[in-house]
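Structure at a glance
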Amino acid sequence: MFDGVARRYDITNTVLSAGRDSGWRMATADALDLRPGLRVLDLAAGTATSAQAFASRGAMVVACDFSLGMLRVGRQRLQRRPGTAVGAGGGAVTLVAGDGLALPFPDASFDRVTISFGLRNVVDVDACLAELARVTRPGGRLVVCEFSRPTWAPWRTVYLEYLMRALPGLARAVSSSPGSYVYLAESIRAWPDQPALATRIAGAGWTGVGWRNLTGGIVALHRAVRPPGAGARDH
Ligand SMILES: C[S@@+](CC[C@H](N)C(=O)[O-])C[C@H]1O[C@@H](n2cnc3c(N)ncnc32)[C@H](O)[C@@H]1O
């Protein structure tokens, strides 16, 4: 499915989110507390849009996804804009094909792990969260950026109407695979709300779980820490 939407994925995101997507990516970068030289895994990285933003803050980013179509579009964009594969702050993006349920990285390889609009699409969410913990060093940080549940009831009603009625039509106008956006709306409705996702994250071996709502809860940023004393194989 993601190979099918890859060509117009980024522009579709910008249209469907009315331009909010770049702010959500910046908030994710802030939550990661990036510094030059930190090793960051951006899982389900898609076209590496967020990964590029992280590298511009000096991080050494591995953008991992199992859709070769999405990675190819990401590679073209990184090549088209010299200076973005290597970020202004000295960071860099490396594209890696891999499955979030069996990551091709050793234990404790990363200082930060993050996943944006990806966890909802993984077939086994709990296994993926545990796999992310495995590749994070003890004391390292997780940030999940994902659609969530607006907290104010009237706003929630407007948003759900948008998702179910307006979004499929808009997707027909801009996406290279409009049918996939019916899945998008349905998967968002079926996704756990903020407290329920926090419980799932804690259950996968993370500690200090909390979240922050963006755009009234349309998106939530969940953060957590790998327990400092965690052994390599205690999940
Ligand atoms: C909605 S896109 C998000 C892309 C990007 N993170 C962004 O913020 O635009 C979801 C991505 O999750 C990827 N994905 C889903 N399951 C995966 C898995 N098990 N391993 C790796 N990537 C996966 C898909 O290939 C797709 O690129």
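Refer to the preceding data block for the structure.
Below: a short report on this structure.

What follows deals with the overall build of the chain. Counting secondary structure elements, the chain contains nine helices and seven strands. Counting only C-alpha atoms, the chain reaches 50 × 40 × 25 Å along its principal axes. Looking at the chain as a whole, 51% of its 235 residues are labelled buried. Considering only intrachain contacts with a sequence separation of at least 6, the fraction spanning at least 24 residues in the chain is 71%. Of the roughly 10300 Å² that the chain leaves accessible, carbon and sulfur atoms contribute 57%.

A word on the environment of D65. Topologically, D65 is positioned in strand β2 (residues 60-65). As a C-alpha pair, D65 and D99 span 34 residues in sequence and 6.5 Å in three-dimensional space. Within the structure, D65 has its side chain in polar contact with the backbone nitrogen of A45 (distance 3.3 Å).

Once that is clear, we can look at the pattern of salt bridges. Applying the stated criterion to the full structure yields 10 salt bridges. A salt bridge links R57 to D30; the shortest N-O distance between them is 2.6 Å. One end of the pair, R57, is in the loop between α4 (49-55) and β2; the other, D30, is in helix α3 (residues 21-32), with 27 residues separating them in the sequence. R57 sits in the partly exposed class, given a relative accessible area of 30%. Of the charged contacts, one joins R165 and E161 as a salt bridge, the two residues approaching to 2.5 Å between their closest N and O atoms. Linking R165 with E161, this pair stays in helix α7 (residues 153-174), spanning four residues, or about one helical turn.

Take the environment of I115 next. Position of I115 among the secondary structure elements: in strand β4 (residues 110-116). Residue classification places I115 among the buried residues on the basis of a relative accessible area of 0%. The residues touching I115, leaving out its near neighbours within four places in the chain, are D42, L43, A44, L132, V143, V144 and C145.

Read across the open sheet, the seven strands follow the order β3-β2-β1-β4-β5-β7-β6; overall the sheet is mixed. The open sheet terminates on both sides in strands that have one partner only, identified here as β3 (92-97) and β6 (207-214). Neighbour to neighbour, the strand axes of the sheet diverge by 20° on average, direction disregarded. Bridge count between β6 and strand β7 (residues 219-225): six bridges; the pairing is antiparallel. Its bridge partner lying in β7, N213 is registered against A220.

As a further point, take the packing of α7 against helix α8 (residues 180-190). Between α7 and α8, whose axes approach to 9 Å, the crossing angle comes to 165°. On the basis of the axis angle, α7 is roughly antiparallel to α8. Judged by the twist between their axes, the crossing of α7 over α8 is right-handed. Residues Y159, L160, L163, M164, L167 and A171 of α7 form the contact with α8, whose participating residues are Y181, L184, A185, E186, I188 and R189. Among the residues making up the contact of α7 with α8, the classes are represented as 10 nonpolar, no polar and two charged.

Right, let's talk about the site of the ligand for a bit. Taken together, 17 residues surround the ligand, and among them Y9, A44, D65, G100 and S116 come closest. Within the side chain of D65, a nitrogen or oxygen atom sits 2.6 Å from an oxygen atom of the ligand. Contacts to the ligand include D99, whose side-chain N or O atom sits 2.8 Å from a nitrogen atom. Here the ligand has 590 Å² of accessible area as a free molecule, and 97% of this is covered by the chains.

Under the defined criterion, the tally for this structure stands at zero disulfides. Its sulfur unpaired, C64 is 9.6 Å from the next cysteine sulfur, which belongs to C128. A relative accessible area of 0% places C64 in the buried class.

This part covers the packing of aromatic side chains. Scanning the entire structure with this criterion turns up four aromatic pairs. Here the aromatic rings of W24 and F147 are separated by 6.0 Å at their centres, their planes lie at 90°, and the arrangement is edge-to-face. In this pair, W24 is assigned in helix α3 and F147 in strand β5 (residues 136-147), connecting sequence segments 123 residues apart. Residues W24 and F147 agree in their burial class; the two are buried. Put simply, the rings of W24, F117 and F147 touch in pairs and so form one group of aromatic residues.

Each value, and the rule that gives it
- Residues numbered from 1 in each chain as written.
- Predicted model: local features only at pLDDT ≥ 70, side-chain atom pairs only at ≥ 80, totals over all residues.
- Heavy atoms only, no water.
- Helix = DSSP H or I, 4+ residues; strand = E, 2+ residues; numbered from the N terminus.
- Buried < 20%, exposed > 50% of the residue type's maximum accessible area, 1.4 Å probe, protein only.
- Contact = heavy atoms within 4.5 Å.
- Areas by Shrake-Rupley, 256 points an atom, 1.4 Å probe, with all protein chains shown as cover.
- Polar contact = N/O pair within 3.5 Å; in protein donor to acceptor, adjacent residues only side chain to side chain.
- Salt bridge = Lys/Arg side-chain N within 4 Å of Asp/Glu carboxyl O.
- Pairing = 2+ DSSP bridges.
- Axes fitted to C-alpha atoms, helices over the stretch in contact; angles between N-to-C directions.
- Parallel < 35°, antiparallel > 145°, perpendicular 65-115°, else oblique.
- Left-handed = near helix turned anticlockwise from the far one by under 90°.
- Nonpolar A, V, L, I, M, F, W, Y, C, P; charged D, E, K, R; others polar.
- Near = heavy atom within 4 Å.
- Disulfide = S-S within 2.5 Å.
- Phe/Tyr/Trp six-rings, centres within 6.5 Å; stacked < 30°, edge-to-face > 60°.

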